[in-house]
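Tertiary structure, described
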Amino acid sequence: AQTVTQSQPEMSVQEAETVTLSCTYDTSESDYYLFWYKQPPSRQMILVIRQEAYKQQNATENRFSVNFQKAAKSFSLKISDSQLGDAAMYFCAYRYLSGTYKYIFGTGTRLKVLA
Amino acid sequence: DVKVTQSSRYLVKRTGEKVFLECVQDMDHENMFWYRQDPGLGLRLIYFSYDVKMKEKGDIPEGYSVSREKKERFSLILESASTNQTSMYLCASSTGTGTWRRNYEQYFGPGTRLTVT
């Protein structure tokens, strides 16, 4: 069965610095999607960035980028120039393209941004 | 602007009550999901639906049922609420299969924090 592991329950970063959140997953599939979602305190969960497994190029969205290592089954999120508004729970998620419609989520990493 | 709404942000119910949580999406999405979010456990899938009147059990369906009579609406039902069902409940929707390389992004509602006393 597919699993998603986020080994860092909590991380801190100084404002304007860079932080990397880790995510590993286990799958026997070759084609799938990976996502990072952000859940700010008392606010709606939103998509930060997505990566299609067949694409070798790492996805980038402004200050957010991923390091996708397919062979190692690793999908880390790098946040550059951290801002106070980046403080949130971050969830890594996996969805594969065949069969079930399910998404598998990790347990989350709480990111604190220090002024 | 895409939107997923949930009927209540906060709900307090008594043990044994029947509880209905409603979710509505305005994006014409085929797939809808109910998750439960607990600290340290992340999001756990309760049920999902890939079409009207179609549903499948997720990882923790015990004590819950669902209903999807219309494409835009997906209801979660706690037949007899218990204290261990106190949690945050998140609804989400996404596009389905059938179109090559859809983005499959899930759109989430604001959540319902349910307390069962």
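The notes below deal with the structure included here. (Residues numbered from 1 in each chain as written. Chains lettered and ligands numbered in written order. Predicted model: local features only at pLDDT ≥ 70, side-chain atom pairs only at ≥ 80, totals over all residues. Heavy atoms only, no water.)

1. With respect to the packing of aromatic side chains
Evaluated as defined, the whole model comprises 17 aromatic pairs over all chains. Summarising the aromatic geometry, the rings of Tyr33(A) and Phe35(A) are spaced 5.9 Å apart at their centres and angled 15° between planes, so their arrangement reads as stacked. Ring geometry for Tyr37(A) against Phe108(B): centres 5.5 Å apart, planes inclined by 80°, an arrangement best described as edge-to-face. A residue pair is termed interchain when its members come from two chains, as with Tyr37(A) in strand β5 (residues 32–39) and Phe108(B) in strand β10 (residues 107–108). Residue class for Tyr37(A) comes out buried when judged on its relative accessible area of 0%. We classify Phe108(B) as buried; its relative accessible area is 4%. Cluster of aromatic residues (ring-pair linked, three or more members): Tyr33(A), Phe35(A), Tyr37(A), Tyr103(A), Phe105(A), Phe33(B), Tyr35(B), Phe48(B) and Phe108(B). (Phe/Tyr/Trp six-rings, centres within 6.5 Å; stacked < 30°, edge-to-face > 60°. Helix = DSSP H or I, 4+ residues; strand = E, 2+ residues; numbered from the N terminus. Buried < 20%, exposed > 50% of the residue type's maximum accessible area, 1.4 Å probe, protein only.)

2. Structural notes on the pairing of strand β4 (residues 31–38) of chain B
All names here are of chain B. Of all eight residues that make up β4, eight are buried, and the element is covered over most of its length. Neither face of β4 is exposed, since Asn31, Phe33, Tyr35 and Gln37 on one face and Met32, Trp34, Arg36 and Asp38 on the opposite face are all buried. Two strands pair when backbone bridges link them, and β4 and strand β9 (residues 87–94) are joined in this way by seven bridges, in the antiparallel orientation. Residue pairing for β9: tryptophan 34 is matched across the bridge by cysteine 91. Pairing analysis gives seven bridges linking β4 to strand β5 (residues 42–51), with the strands arranged antiparallel. Bridging across to β5, tyrosine 35 finds its partner in leucine 45. Once β4 ends, the chain turns through three residues before running back antiparallel as β5, passing glycine 40 with a positive phi of about 80°. (Pairing = 2+ DSSP bridges.)

3. Points about the state of the cysteines
Tallying each qualifying case throughout the model produces two disulfides over all chains. Between the sulfur atoms of Cys23(A) and its disulfide mate Cys92(A) the distance is 2.0 Å. Here the disulfide of Cys23(A) and Cys92(A) is left-handed, its torsion about the S-S bond being about -70°. Pair noted here: Cys23(A) is in the loop between β3 (19–21) and β4 (24–26) and Cys92(A) is in strand β10 (residues 88–96), with a separation of 69 residues, a long-range link. Of the two residues examined, Cys23(A) and Cys92(A), each falls in the buried class. There is a disulfide in this structure between Cys23(B) and Cys91(B), and the S-S distance comes to 1.9 Å. The chirality of the disulfide connecting Cys23(B) with Cys91(B) is left-handed, given an S-S dihedral of about -75°. (Disulfide = S-S within 2.5 Å.)

4. What to know about the interface of chain B and chain A
Each partner contributes residues to the interface: chain B has 26 residues there, and chain A has 22 residues. The junction of chain B with chain A conceals about 2100 Å² of combined surface from both sides, 54% of it contributed by carbon and sulfur atoms. The interface formed by chain B and chain A includes two salt bridges. Note that Arg50(A) is salt-bridged to Glu105(B), the shortest N-O span being 3.1 Å. Counting every contact that joins chain B to chain A gives six residue pairs in polar contact (both at pLDDT 80 or more). (Contact = heavy atoms within 4.5 Å. Buried area = accessible area lost by both parts, 1.4 Å probe. Salt bridge = Lys/Arg side-chain N within 4 Å of Asp/Glu carboxyl O. Polar contact = N/O pair within 3.5 Å; in protein donor to acceptor, adjacent residues only side chain to side chain.)

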